[in-house]
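# Survey of secondary and tertiary structure
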Amino acid sequence: VRHNGQTKNLLDASDWIAPLCYAWDAPAGDYRIERGADAVLDPWEGNWLLALVDCDTALAPVPRPRCTLPAAVLRARETRIAGFGW
């Protein structure tokens, strides 16, 4: 969060940003409240923060997890594709 030339992370910017956010929960058809370091903002969902001052926010993307399929499953898939057994 940037304000008046100063930068803070979200957890330290509680005087600039309310210490919670609202995230859209599509299955429930309602917003859920997320707080603190364990807050989860899912991509491609509606989320909003309450800015208490005129500031800029930037959220760094979290890398997607790597595939964790067992090696045997991956080998079976490669064999079917290589032999055109789709």
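Residues numbered from 1 in each chain as written. Predicted model: local features only at pLDDT ≥ 70, side-chain atom pairs only at ≥ 80, totals over all residues. Heavy atoms only, no water.

### Re the overall build of the chain
Spelled out, the test is: Put simply, DSSP marks the helices as runs of H or I at least four residues long and the strands as runs of E at least two long, and each gets a number from the N terminus on. Think of it in three bands: with a 1.4 Å probe and only protein chains considered, a residue is buried below 20% of the maximum accessible area for its type, exposed above 50%, and partly exposed in between. It only takes one pair of heavy atoms within 4.5 Å for two residues to be counted as in contact.
Scanning the chain from terminus to terminus reveals one helix and five strands. In sequence order, the chain lays out its α and β elements as β-β-β-β-β-α. Evaluated residue by residue, the chain yields a buried proportion of 12% over its 86 residues. Intrachain contacts of the chain at a sequence separation of at least 6 include 42% that bridge at least 24 residues.

### Overview of the nonpolar core
A general feature of soluble globular proteins is that nonpolar side chains tend to end up buried together. The line we're drawing: Side-chain atoms within 4.5 Å are what join buried Ala, Val, Leu, Ile, Met, Phe, Trp, Tyr and Cys residues into a set we call a nonpolar core.
Counting residues in each nonpolar core, the largest one holds five residues, listed as Val1, Ala13, Trp16, Ile17 and Cys55. Residues within four places of Cys55 in sequence aside, it is in contact with Val1, Arg2, His3 and Ile17.

### Observations regarding the sheet that holds strand S5 (residues 47–51)
Definition in use: Two strands make a pair as long as DSSP finds a minimum of two bridges between them. All axes here are fitted lines through C-alpha atoms, helices being fitted over the stretch that makes contact, and every angle between N-to-C directions spans 0 to 180 degrees.
Spatially, the three strands line up as an open sheet ordered S4-S3-S5, and their pairing is antiparallel. The open sheet has two edge strands, strand S4 (30–35) and S5, and neither has a second partner. Neighbour-to-neighbour, the strand axes of the sheet open up by a mean angle of 30 degrees, direction not taken into account. With four bridges joining them, strand S3 (residues 17–25) and S5 adopt antiparallel strand pairing. Across the sheet, the residue bridging to Ala23 is Asn47, located in S5.

### Section: the environment of Gln6
Relative to the helices and strands, Gln6 resides in strand S2 (residues 6–7). The sequence separation of Gln6 and Cys55 amounts to 49 residues, and the corresponding C-alpha distance is 9.8 Å. Excluding its chain neighbours within four sequence positions, the residues that come into contact with Gln6 are Val1 and Trp16.

### Some details on unusual backbone geometry
Unusually for a residue other than glycine, Asn4 sits at a positive phi of about 50 degrees. With respect to the helices and strands, Asn4 occurs in the loop between strand S1 (2–3) and S2.

### Comments concerning the pattern of salt bridges
Spelled out, the test is: The term salt bridge refers to a side-chain nitrogen of Lys or Arg lying within 4 Å of a carboxyl oxygen of Asp or Glu.
Counted under the stated rule, the structure contains two salt bridges. When the shortest N-O distance is used, the salt bridge between Glu34 and Arg32 registers 2.7 Å. Under the relative-accessibility criterion, Glu34 is labelled buried at 13%. Overall, the relative accessible area of 22% leaves Arg32 in the partly exposed class.

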